[in-house]
Structure formats: structure tokens, C-alpha cells
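Structural overview for review
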Amino acid sequence: MKIAIVCYPTFGGSGVVATELGIALANRGHEVHFVTYKQPVRLELLNNRIFFHEVHVPEYPLFHYQPYELALSSKLVDTIKLHKIDLLHVHYAIPHAYAGYMAKKMLEEEGIYLPMITTLHGTDITLVGKHPFYKPAVTFSINQSDVVTSVSESLKKGTLEIFDIKGEIEVIPNFIDTKKYSTSFTDCQRSNMANDNERIITHISNFRKVKRIADVVKVFSKIQLSIPAKLIMVGEGPEKEGAERLCEDLGIAEKVIFLGNSNEIDKILCFSDLFLLPSETESFGLAALEAMVNKVPVISSNAGGIPEVNLDGVSGFLSEVGDVEDMASKALTILSDDEVLERFKNNAVKEAHKFDIQKVLPLYEEVYQRAYKGR
Ligand code: GMT
């Protein structure tokens, strides 16, 4: 099939999932066209089955806000006509489902019927989408999608509670390409980061409020009182400066390394012993899955869809949101004993394999076939 994918091209989980999905679809013989404002960060190679179409939004001083949705829907119409696209898959409802719907309607005027699949990723529903200023438009564009998928049972439930949804929401979980990781555990550059006797604890996110960055620092601060350890913080975002200050205040700055954004998170996870994800809300927790596939157990909150990924007592432990005491004590349970750590590491990778791309990709392909036939 010829598939157009709309996503955010940044380090956010929805963009990563959309990009990996597009690459996997192309490997299966589909032709994939990414339509967004920048080449997606994980999309390194373009080829005869993977195309990137950049959406340009000309600056016009009269506008306080430049009309991205308008530019996106126009670009979609042009791309779909030029490349004879069969199907549109938008990731993250805002504003992609809305722009996709407009493109669909414009194409219908020309006798072209294009099925649209909308995948809900989390904050498009739980944080931004439910705001009264957006809610009617988000409800409308979800209801106008031909198929709606959600990345976890928890997000599906939340969406049905918040919005007046008329049709089905199908759960297709996020995924990971486990084949990429089966051979990569040998070349870890651990000594660059910590001494041999230190445990390495890692957090990766976009450092927004919802990630509860202060909890990451507080949990680590408690851990390092009992065992030698280093904390590696990967990512950029509004909470980063506050976290750096908190490390100074707690007297642990020398044990915490802030790396900024990285395209090489697998190399970092390769030498990590534990991953912290204390988020306020999380529809799935792709970062936890990426840790697990790299053999890293997870200490997380029990918010949203995280329990569907991180199995309590198996791949790590879950705690109530904000319970840093409990998180630190559970972290020490894993880290204080080599055998226990090894058991959790092995469990983590085993659980991650349940989300292998080879299991999940056919679910999307089935949805595509159904939507295409029903057009
Ligand atoms: O939360 C983020 O850091 C980014 C965000 C996004 O929209 O890109 O992630 C959401 O989608 C990911 C991929 O489906 C999920 O793994 C994250 O859990 C979800 N984030 C939230 O729900 C807060």
C-alpha cells in the first residue's frame, strides 16, 4: 500500500513510534510518505520506499499564530494526489486528525476517498485534548476518523471517559524491534560513566512537568545513601534547570550527569542497571520499554498504561505517583544484590519481547486493509 504518515518529528514518543512504524512498513514492501515540518529524528535514511515531505508555514506578520493546520492539510492534499496515496495514518490527534479530516474533505470534492486512521498517543487526550478550548475539535476529529487506535487499554478507557466517542477504539500497543538489540550487549562503554563498583541509574524524557523530574532526583538521592551509584539524565525540557538546582541543593551534583538530547540512547541503556520513570501520567511509557529491551529493569509510577508494560515484581516495580520513599526502597531491593539484579534484567528483556514489532505490525496492516476496503 501507499501510506501517508503524519507525526511530530521530535524526540517525543509518538514521533518515534510513527517513524519506526513507517520504517517497518517500508521494509515489508509498503511505500511510506512522512508529512511533517521536519525530518523525523529517527528517520535517518530515505530510499525508494520512504519519502519525506516537508510542511512549510510561511511567516506572515499579520498573524499572531501561523496556520500550521492549513499548511499541513494543503500539503496532504498535494502529496496524496501526486503519489496516489491509498491511506492516511495520523499520529497524535492534535492537530493532525483535524488537518487530516480537512484534507479528506478537500479530496472528496475531487472524487478521491481516503481512509484516515488516527492513533491516540496520550497527552493529545489526557493533557492537551481534554482542555475545554480544544475538546470539541478533538472529539469531532476522532469521531470523523475511519479507524481510531490507542496505544494502551488505559488510554482507551481514559478517552472514552473524557470524550463522547461514537465508534470503536482499537488498542494496538507500542512496539520495539527486538532483533536490533539481541547482539548489542557486548560493547558497552560503562567505564566512561561510572566506576566499576557503582550502579548506573538512568532517566530519559523530555523533562516536562508530567515526568516528575524532581522525583527522579529525590529517588536517586535516597539510593546513593545506601549504595555507590551514578544518575544519568538524558533529554532536554523545561524542568531540567530545576533538576540541576535540586542536585546542587541535595549535595549530589557530582553523582548526576545531565547529557541532554541523545540519538544514542541504546548505548546509554546498554550500561544502565536501572531506569526511573515516576511520571504523573503516561499512556504507555515507551521509554520504559526501550529500557527493558536493553535489559534494564524499571522503577516506575503505576500511572496510566505503565502497568501494561512494566510488570510489578517481574520487570521492575510500580509505586504510587509521588511515593519517592517506596520507589527508592524498591530500587534498592533490585540493586543491592547481584543475583536479584540479574534476575530482573533477564525478566525485563523477556517482557519487552512481548511487544516485538513482528507481533504488532500485522495488527496495523490488518487495520489498513479493513479501512481501505471500507472506503
Ligand atoms: O510523553 C512524552 O514524553 C511524549 C509523548 C508524545 O506524545 O509523543 O508520549 C506519549 O506517547 C508515547 C508513545 O505512544 C507514550 O509512550 C507516552 O506514554 C505518551 N506520554 C504520555 O502519555 C505522557
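Residues numbered from 1 in each chain as written. Predicted model: local features only at pLDDT ≥ 70, side-chain atom pairs only at ≥ 80, totals over all residues.

1. With respect to the overall build of the chain
In terms of helices and strands, the chain carries 14 helices and 13 strands. A globule of 375 residues ought to have a C-alpha radius of gyration of about 21 Å, and the chain, at 21 Å, matches this closely. For the chain, the spread of C-alpha atoms along the three principal axes comes to 70 × 45 × 35 Å. Put simply, the chain has 375 residues, and 49% of those count as buried. Taking the intrachain contacts of the chain between residues at least 6 apart in sequence as the baseline, contacts between residues at least 24 apart amount to 70%. (Helix = DSSP H or I, 4+ residues; strand = E, 2+ residues; numbered from the N terminus. Rg over C-alpha atoms; globule rule 2.2 N^0.38 Å. Buried ≥ 20, exposed ≤ 12 C-beta atoms within 10 Å, placed from the backbone. Contact = placed C-beta atoms within 7 Å.)

2. Quick word on the sheet that holds strand β8 (residues 199-204)
Taken together, the 6 strands give an open sheet; going across it, the order is β10-β9-β8-β11-β12-β13, and neighbouring strands pair in parallel fashion. Two strands lie at the open edges of the sheet, namely β10 (256-260) and β13 (316-319), each paired on one side alone. Looking at each pair of strands side by side, their axes are set apart by 20° on average, direction ignored. Examined bridge by bridge, β8 and strand β9 (residues 229-234) share 6 bridges and lie parallel to one another. Counted as the bridge partner of I201 is L231 from β9. (Pairing = 2+ DSSP bridges. Axes fitted to C-alpha atoms, helices over the stretch in contact; angles between N-to-C directions.)

3. Quick look at the site of the ligand
Taken together, the neighbourhood of the ligand is formed by 21 residues, with G12, G13, S14, G122 and L286 sitting nearest. For the shell around the ligand, the secondary-structure elements that each account for two or more residues are α1 (13-27) and α4 (123-126). Considering only residue class, the shell around the ligand consists of 6 nonpolar, 14 polar and 1 charged. Here the shell around the ligand spans two domains, and each of domain 1 (2-175 + 356-373) and domain 2 (179-355) adds at least three residues to it. (Near = placed C-beta within 6 Å. Nonpolar A, V, L, I, M, F, W, Y, C, P; charged D, E, K, R; others polar. Domains from an automatic or database assignment.)

4. Thoughts on the packing of helix α2 (residues 68-83) against helix α3 (residues 93-109)
It is the contact of α2 with α3, at a shortest axis distance of 8 Å, that shows an interaxial angle of 45°. Classified by the angle between their axes, α2 and α3 sit oblique to one another. As α2 runs across α3, the sense of the crossing is right-handed. Residues Y68, E69, L72, S73, L76, V77 and I80 of α2 pack against P95, Y98, A99, G100, M102, A103, M106 and L107 of α3. Split into classes, the residues belonging to the contact of α2 with α3 amount to 12 nonpolar, 2 polar and 1 charged. (Parallel < 35°, antiparallel > 145°, perpendicular 65-115°, else oblique. Left-handed = near helix turned anticlockwise from the far one by under 90°.)

5. Quick word on the domain arrangement of the chain
Domain annotation of the chain identifies domain 1 (2-175 + 356-373) and domain 2 (179-355). Relative to domain 2, the C-alpha centre of domain 1 lies at a distance of 30 Å. Between domain 1 and domain 2, the residue contacts involve 20 residues of the former and 15 residues of the latter. Residues belonging to the side of domain 1 that touches domain 2 are distributed by class as follows: 10 nonpolar, 8 polar and 2 charged.

6. Re the nonpolar core
Among the nonpolar cores identified, the biggest contains 109 residues, and A4, L76, L274, A288, L289, M292 and A331 are the most heavily contacted of them. When residues in this core are grouped by element, the largest group, 8 residues, is from α3. A domain split of this core shows at least three residues from each of domain 1 (2-175 + 356-373) and domain 2 (179-355). Beyond its immediate stretch of four places on either side in the chain, A331 contacts V219, I223, L274 and I299. (Core = buried A, V, L, I, M, F, W, Y, C linked by C-beta atoms within 7 Å.)

7. Quick notes on the UniProt feature "domain: Glycosyl transferase family" (unreviewed entry) in the chain
UniProt feature "domain: Glycosyl transferase family" (unreviewed entry): in the numbering of this structure it lies at residues 191-349. Along residues 191-349 one finds 42% helix and 18% strand; the C-alpha atoms at either end are 23 Å apart. (UniProt positions renumbered as here; feature names shortened; annotations may be inferred.)

8. Remarks on the sheet that holds strand β3 (residues 50-54)
In space, the 7 strands of this open sheet follow the order β3-β2-β1-β4-β5-β6-β7, with parallel pairing throughout. Whereas interior strands pair on both sides, the edge strands pair on one side only; in this sheet they are β3 and β7 (170-171). Both strand β5 (residues 116-120) and strand β6 (residues 147-150) contribute to a ladder of 4 bridges, which runs parallel. The residue bridging L120 from the neighbouring strand is S150, located in β6. Lying on the sheet, helix α6 (residues 153-162) is in contact with β5, β6 and β7; it crosses β6 at an angle near 125°.

9. Some details on the pairing of β8
Summarising burial for β8: 6 of the 6 residues are buried, a large majority. Side chains R199, I201 and H203 project from β8 onto one buried face, and the interleaved I200, T202 and I204 project onto a second face that is buried too. In this sheet, strand β11 (residues 274-277) lies alongside β8 in parallel orientation, the contact comprising 2 bridges. The residue bridging T202 from the neighbouring strand is F275, located in β11.

10. Concerning α3
The α-helix advances 3.6 residues per turn, and as a result positions three or four apart in sequence lie on the same side. Over its 17 residues, α3 extends 23 Å from the first C-alpha to the last, a length consistent with the 24 Å expected when each residue adds 1.5 Å. With 12 of 17 residues buried, α3 is to be regarded as a mostly interior element. Along α3, the residues that are buried comprise A93, I94, P95, H96, A97, Y98, A99, G100, Y101, M102, A103 and K104. Next to the buried residues of α3 lie β1 (2-6), α2, β4 (87-91), β5, α4 and α5 (135-143). Taken from the residues just after α3, G111 is the one with a positive phi, measuring 80°. (Expected span 1.5 Å × (residues − 1).)

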